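In case you want the letters, here they are:
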Amino acid sequence: MIPDFDPLGQRYPSARLPVYARNGMVNCSNPQAAAAGLEALRQGGNAVDAAVAAASCLTVTEPTANGIGGDAFAIVWIEKEKRLYGLNASGPAPRLASIGRLRADGKDEEGKMPRFGWTPVTVPGAPKAWAALVKRFGKRTLAEDLAPAVRYAREGYPCSANLGLMWQRAYDAYKPRRDDPAFTAWFGTFAPDGRGPRAGEMIYLPGHAETLEAIGETDAAAFYSGGLAEKIDEQSRLFGGYLRAEDLEAFEPEWVEPISVNYRGYDVFEIPPNGQGIVALMALNILKEFELTEEETAETCHRKIEAVKMAFADAFATVTDPRHAGTDFSLYLDPAYGAARAKEMTGRAQDYGPCDPPKSGTVYLACGDGEGNLVSFIQSNYNGFGSGIVIGGTGIALQNRGADFSLDPGHVNCLKPGKRTYHTIIPGFLMKDGKPVGPFGVMGGYMQPQGHVQVVTDLIDRRLGPQQSLDAPRWQWMRDGRVAVEKSFDQDITDALHRMGHEVFIEQNAAPFGRGQIIFRLENGVLVGGTEPRTDSSIACC
């Protein structure tokens, strides 16, 4: 019997160093998922197979942040083609969902989209993202790539420290809905003991295993047009949801061209809108007008915060499904936009409105293989387990991505049937002189573009490297105008930011500051990676 200890206790700072590998690397927020990706590599797969193996495993081993019923985005470098590909697998609102119908049914909450239940559920994109990636670029079958996830779901895995903490928080959030029949399956699937699992306890998800097997054996067809689709439709009708089998069958992920800005000689790539990656690019477009020092100072931190505020002001006014947007988003990537916005910045914190540009609980993972292929992948249920809706016996937790829609008909991101909402999940990728540097990402709602800005400037301006860029204390601008900083944030900088007019407060919880992963490829083909210190992250390599 080992002595009792607190698995979340950290009396002393822990130091991580960059990890190097030649034949493959998988960086994940969960050790079992990283092992699943490595298994795919060792069995003849490439970086895409590893990414899908890890991503599907994360739905099992970190269901507090993503699931089978969520969305996914990816940026993929294919070495043989010397080309970067983007995949947007975000699902739209159901065709029966409209502002008028939702209000007529009394399903709005004080004029806003509800966050839980069937109403904010949109079409899940993750299973078809896995199938599309494997079909186009993988070396194995989808069933082979999903096999480790199936095994962990069926045979069980031990709960890790942060996972147990997030699971219990989710349980506490859903607990007021325990007597609502629509949420019964969530409690039966994820809290059968009347609480979240604790660190070291075994977790078994047999229904999840059967669902992943069906998805793998049919290249995701079972989810979108087979028996699983029928179960989703049946449950939606039973509890007054708008999602139907026809919505699932009609869905296809979209291959897109990643967008970029050049930041001090490096091309920073993101997925285009409806994703919010453009927020990070707009902020970097502004910041390149200033000289940022290698040492973090109050002035450089102030400029980053102000640039992020400007970028969000423009994004919140324009970003939505591009089929429903009236904005030429490329204008925000033009140097003229960055220069014009930079001139608005002073030495004091300000509030910014949108401008007309000058005319001219998410999981993130990174993978690389010995062939030179690199993958930046992210998937999410939006808030933790998502809507709280689980399809009984299947392990399918449905996302609540629709909560981001506006119910104001005049808003650019207003709810419409078949429309995709403003989307928070964003994978990133760095290149220089036409050559890949590597994938990077930081998950966490509206923290994500702010995390991208901080990581990129730490990498390029401060030269911190992949691990230290993730270790560095973070800040987050909140939509209420305040700025949260981690408890390890420099107190002198915090005090100076106060004097500059920022309302800064210390956030004791590390979760709001996101969780990131980075892989770089050196000139000799060696991979070097950093992993997030704020969660149960792991790097598996060969």
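Everything that follows concerns the structure shown earlier in this document.
Notes on empty space enclosed by the protein
So, point 1. Approximately 40 Å³ is the volume attributed to the largest cavity.
So, point 2. Lining the largest cavity are Ala93, Pro94, Ala97, Leu102, Met113, Thr119, Pro120, Val121, Thr122, Gly402, Phe405 and Leu415.
So, point 3. For the lining of the largest cavity, the class distribution of residues is nine nonpolar, three polar and no charged.

Things to note about the pairing of strand S14 (residues 428-432)
So, point 1. With respect to burial, S14 is a largely interior element, four of its five residues being buried.
So, point 2. Where strand S9 (residues 266-270) meets S14, three bridges bridge the pair, whose relative direction is antiparallel. Bridged to aspartate 267 within S14 is methionine 431.
So, point 3. For S14 and strand S15 (residues 435-443), the ladder comprises five bridges, and the chain directions are antiparallel. Bridge pairing in S15 places phenylalanine 429 opposite proline 439.
So, point 4. Counting the residues in the hairpin turn of S14 and S15 gives two residues, including aspartate 433, whose phi is positive at 55°.

So, the nonpolar core
Inside soluble globular proteins, nonpolar side chains tend to come together where they are buried.
So, point 1. The biggest cluster of nonpolar side chains holds 85 residues, and the ones touching the most others in it are Trp118, Trp130, Trp186, Ile215, Phe223, Leu365 and Phe377.
So, point 2. When residues in this core are grouped by element, the largest group, ten residues, is from helix H2 (residues 47-61).
So, point 3. Residue contacts for phenylalanine 223: discarding those within four places in its chain leaves Ile68, Pro124, Pro127, Ile215, Leu228, Ala229, Ile232, Leu248 and Ile396.
So, point 4. Ranked by size, the runner-up nonpolar core spans 61 residues in total, among them Val279, Ala307, Ala313 and Phe329.

Let's talk about the pairing of strand S17 (residues 483-486)
So, point 1. Of the two faces of S17, the one lined by Val483 and Val485 and the one lined by Ala484 and Glu486 are each fully buried.
So, point 2. Alignment of strand S16 (residues 475-477) against S17, held across three bridges, turns out to be antiparallel. Of the residues in S17, the one forming a bridge with tryptophan 475 is valine 485.
So, point 3. Between S16 and the antiparallel strand that follows it, S17, lie five residues; glycine 481 among them carries a positive phi value of about 100°.
So, point 4. Alignment of S17 against strand S18 (residues 504-507), held across four bridges, turns out to be parallel. Within the sheet, the bridge partner assigned to valine 485 lies in S18 and is isoleucine 506.
So, point 5. With helix H17 (residues 491-499) bridging S17 and the parallel S18, this β-α-β connection has right-handed handedness.

Rules behind the numbers
- Residues numbered from 1 in each chain as written.
- Predicted model: local features only at pLDDT ≥ 70, side-chain atom pairs only at ≥ 80, totals over all residues.
- Heavy atoms only, no water.
- 1 Å grid on protein atoms, 1.4 Å probe; cavity = no way out; pocket = protein on both sides within 12 Å on 5 of 7 lines; lining within 4 Å.
- Points joined across faces, edges and corners; volume = space filled by probe spheres on them.
- Nonpolar A, V, L, I, M, F, W, Y, C, P; charged D, E, K, R; others polar.
- Buried < 20%, exposed > 50% of the residue type's maximum accessible area, 1.4 Å probe, protein only.
- Helix = DSSP H or I, 4+ residues; strand = E, 2+ residues; numbered from the N terminus.
- Pairing = 2+ DSSP bridges.
- Core = buried A, V, L, I, M, F, W, Y, C linked by side-chain atoms within 4.5 Å.
- Contact = heavy atoms within 4.5 Å.
- Right-handed = clockwise from strand over helix to strand, strands pointing away.

All quantities given are derived from atomic positions and should not be read as evidence of function.
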